[in-house]
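Commentary on secondary and tertiary structure
Below are the chains, spelled out letter by letter.
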Amino acid sequence: MAGAIASRMSFSSLKRKQPKTFTVRIATMDAEMEFSCEVKWKGKDLFDLVCRTLGLRETWFFGLQYTIKDTVAWLKMDKKVVLDHDVPTEEPKTFHFLAKFYPENAEEELVQEITQHLFFLQVKKQILDEKIYCPPEASVLLASYAVQAKYGDYDPNVHKRGFLAQEELLPKRVINLYQMTPEMWEERITAWYAEHRGRARDEAEMEYLKIAQDLEMYGVNYFAIRNKKGTELLLGVDALGLHIYDPDNRLTPKISFPWNEIRNISYSDKEFTIKPLDKKIDVFKFNSSKLRVNKLILQLCIGNHDLFMRRRKADSLEVQQMKAQAREEKARKQMERQRLAREKQMREEAERTRDELERRLMQLKEEATMANEALMRSEETADLLAEKAQITEEEAKLLAQKAAEAEQEMQRIKATAIRTEEEKRLMEQKVLEAEMLALKMAEESERRAKEADQLKQDLQEARESERRAKQKLLEITSKSSYTQSMNSSTTALPTDLPSFNLISESLSFDFKDTDMKRLSMEIEKEKVEYMEKSKHLQEQLNELKTEIEALKLKERETALDILHNENTSRGNSKHNTIKKVS
């Protein structure tokens, strides 16, 4: 009895010690994951688990976002997930893994490929959802890079008309602004898509981000505020600083406070205070509608300011290590792409050679068929000539025999005594006729003999032609067998390619200093080429803008379209505008 009570007590104590858990669903831009978490977990525990699962090391750009009472909030790293946050009670509890802070220069700051990919997906969605304003001509260019990232190199045999029919590539605002069919948009996107040949997915996505980061609304979080006079304004927080906008103009700030010119940011209840570094400049105060929004603004300010200062210091050991690994990985991928390009080129050349040999073989087969037919015709002609020569020879013999008989008849008539003059005259006439007939017979016999000789000569020439035709057929047959052997050896080339194995073995994963120096030189060369191409790119954008301008429906222009056109006509861009109003 005592043993049974002890066992029940130990079982109940184990049951009490089992930690409480809850289910969490994490939604990234292209996937969903579920985890079972302990109630005592803090935000950092869950965030680290997600980053490890994704293989993400550049964690400082990201956060876990959720919505509470129609307000966006971010999970705090030092607070418990359930107990210290106003998260919904139902399970699974859903959080969105999103970029919370944006880089100033995507190409320099985003090191890992997974980081670049997540930023690409998020920025692309923001542009398509019109949370970031993008002019029509730039929308087409960005769409072409998105297609390159998804489909790889353009192939007219694969990517036929209509292959983008189901893709969402342009903002609805842009589509509605012009009298253009989906086929017309696809044609213009495909024209640029074809120019991106040779770019890998990560390169195409980075080109997308390099263009998108120059858009005025890229990376800006907007909040509705009021100044001390009660005027409604918008506060924009981004990687460069704080910006104040008119509610109707999110493109051009009225005034900007770069992070390096801000001494202090604070809030009390709903009032926010920005103190510039220059004490001569007045303190800027504003109010927001909710305390929760104030907390969010302060979070974004602190995070963006920290990253702003971090960019202007030497990279940490972790970042240096990541960049070194990224350089090595880029070098390895570049060498691999070069090897694959060489393989592809050799295969294409082998296929071209094989096609040429097959074409030549068909030509030789046709020539052999024609030679056979000529040989058969020569043989038939020779047989006919031989038969005709034999008949002519027999006719000549027959005529000679008749001539001899006529000669005998003439001699017999001469020998016969003619008793009367009349009979003599008649006999002379008959003799004359017989002589004439004999002469004709002799001439005909001679002519037939000559014809027989001519036929014999023709027969000899026909047999000579037959001999030459057989000789040519023999030569064609020998060429065909040689071509077939060449064809079989050439056809086997693409599958074996022994030289490729040597190339593959010589690559390995050991990157020498010479390789890295060569890669550095190539990277510098690419930068120079990119600067040269930027002018050409701007010309292309202007050309497309001019081309589709005639199809624009002016009455459908939005306020942002009009503001963007005004900024463009004045030569204003995102960065020089911020410098002007700082």
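All of the points below concern the structure found in this document.

Analysis parameters
- Residues numbered from 1 in each chain as written.
- Predicted model: local features only at pLDDT ≥ 70, side-chain atom pairs only at ≥ 80, totals over all residues.
- Heavy atoms only, no water.
- Helix = DSSP H or I, 4+ residues; strand = E, 2+ residues; numbered from the N terminus.
- Phe/Tyr/Trp six-rings, centres within 6.5 Å; stacked < 30°, edge-to-face > 60°.
- Buried < 20%, exposed > 50% of the residue type's maximum accessible area, 1.4 Å probe, protein only.
- Lys NZ or Arg CZ within 6 Å of the ring centre and 35° of its normal.
- Pairing = 2+ DSSP bridges.
- Axes fitted to C-alpha atoms, helices over the stretch in contact; angles between N-to-C directions.
- Contact = heavy atoms within 4.5 Å.
- 1 Å grid on protein atoms, 1.4 Å probe; cavity = no way out; pocket = protein on both sides within 12 Å on 5 of 7 lines; lining within 4 Å.
- Points joined across faces, edges and corners; volume = space filled by probe spheres on them.
- Nonpolar A, V, L, I, M, F, W, Y, C, P; charged D, E, K, R; others polar.

Okay, unusual backbone geometry next. Backbone torsion omega between glutamate 91 and proline 92 reads -5°, so that peptide bond is classified as cis. Among the structural elements, proline 92 can be located in the loop between β4 (71-74) and β5 (93-99). Unusually for a residue other than glycine, glutamate 130 sits at a positive phi of about 65°. Note that glutamate 130 resides in the loop between α4 (113-128) and α5 (136-151).

Attention shifts here to the packing of aromatic side chains. As enumerated under the stated definition, the model contains 18 aromatic pairs in all. A ring pair is formed by phenylalanine 61 and phenylalanine 119, whose centres lie 5.6 Å apart and whose planes are at 85°; its orientation type is edge-to-face. Linking phenylalanine 61 in the loop between α2 (43-54) and β3 (62-68) with phenylalanine 119 in helix α4, this pair joins segments that are 58 residues apart in sequence. The two residues phenylalanine 61 and phenylalanine 119 agree in class, both being buried. One aromatic cluster in this structure is built from Phe47, Trp60, Phe61, Phe62, Phe97, Tyr102, Phe119 and Tyr218. One cation-aromatic arrangement involves arginine 250 over tyrosine 222; the distance from NZ or CZ to the ring centre is 4.8 Å.

This part covers the pairing of strand β2 (residues 32-38). Residues of β2 alternate between two faces, with Met33, Phe35 and Cys37 buried on one and Glu32, Glu34, Ser36 and Glu38 left unburied on the opposite face. Where strand β1 (residues 21-27) lies against β2, seven bridges are found, and the strand directions are antiparallel. Considered in β2, the bridge of phenylalanine 22 is made with cysteine 37. Between β1 and β2, which follow one another and run antiparallel, lie four residues.

Okay, the sheet that holds β5 next. If you walk across this open sheet you meet the five strands as β2-β1-β5-β3-β4, and the pairing is mixed. Each edge of the open sheet carries a strand with a single partner, namely β2 and β4. Pairs of neighbouring strands in the sheet enclose a mean axial angle of 35°, with direction left out of account. In this structure, β3 lies alongside β4, joined through four bridges in antiparallel fashion. From the neighbouring strand, isoleucine 68 faces β4, where its bridge partner is threonine 71. Across the face of the sheet, α2 comes into contact with β1, β2, β3 and β5 while running at roughly 140° to β2.

Looking now at the layout of surface pockets. By volume, the second largest pocket amounts to about 890 Å³. Lining the second largest pocket are 29 residues; nearest its centre among them are Gln65, Val72, Gln126, Lys131 and Asn221. Where the lining of the second largest pocket is concerned, the elements lending two or more residues are β4, β5, α4, β6 (221-227) and α9 (291-311). Split into classes, the residues belonging to the lining of the second largest pocket amount to 15 nonpolar, eight polar and six charged.

With that settled, consider the sheet that holds strand β12 (residues 284-288). On the basis of which strands lie adjacent, the open sheet formed by seven strands has the order β9-β8-β7-β6-β12-β11-β10 and antiparallel pairing. Since the sheet does not close on itself, it has two edges, and those belong to β9 (255-258) and β10 (262-268), each with one partner. This sheet shows a mean twist of 30° between the axes of neighbouring strands, independent of strand direction. Judged from the four bridges that link them, strand β11 (residues 271-276) and β12 form a sheet pairing that is antiparallel. The residue of β12 that forms the bridge with phenylalanine 272 is phenylalanine 286. In this fold α9 packs onto β6, β7 (232-237), β8 (241-245), β10, β11 and β12, with an angle of close to 160° to the strand it touches most, β10.

Our focus in this paragraph is the pairing of β8. Burial within β8 is extensive, with five of its five residues counted as buried. As paired strands, β7 and β8 are joined by four bridges and run antiparallel to one another. Among the inter-strand pairings, glycine 236 is bridged to a residue of β8, identified as histidine 243. Counted between consecutive antiparallel strands, the loop separating β7 from β8 contains three residues. Direction of pairing for β8 relative to β9: antiparallel, over a ladder of four bridges. Bridge pairing in β9 places histidine 243 opposite serine 256.

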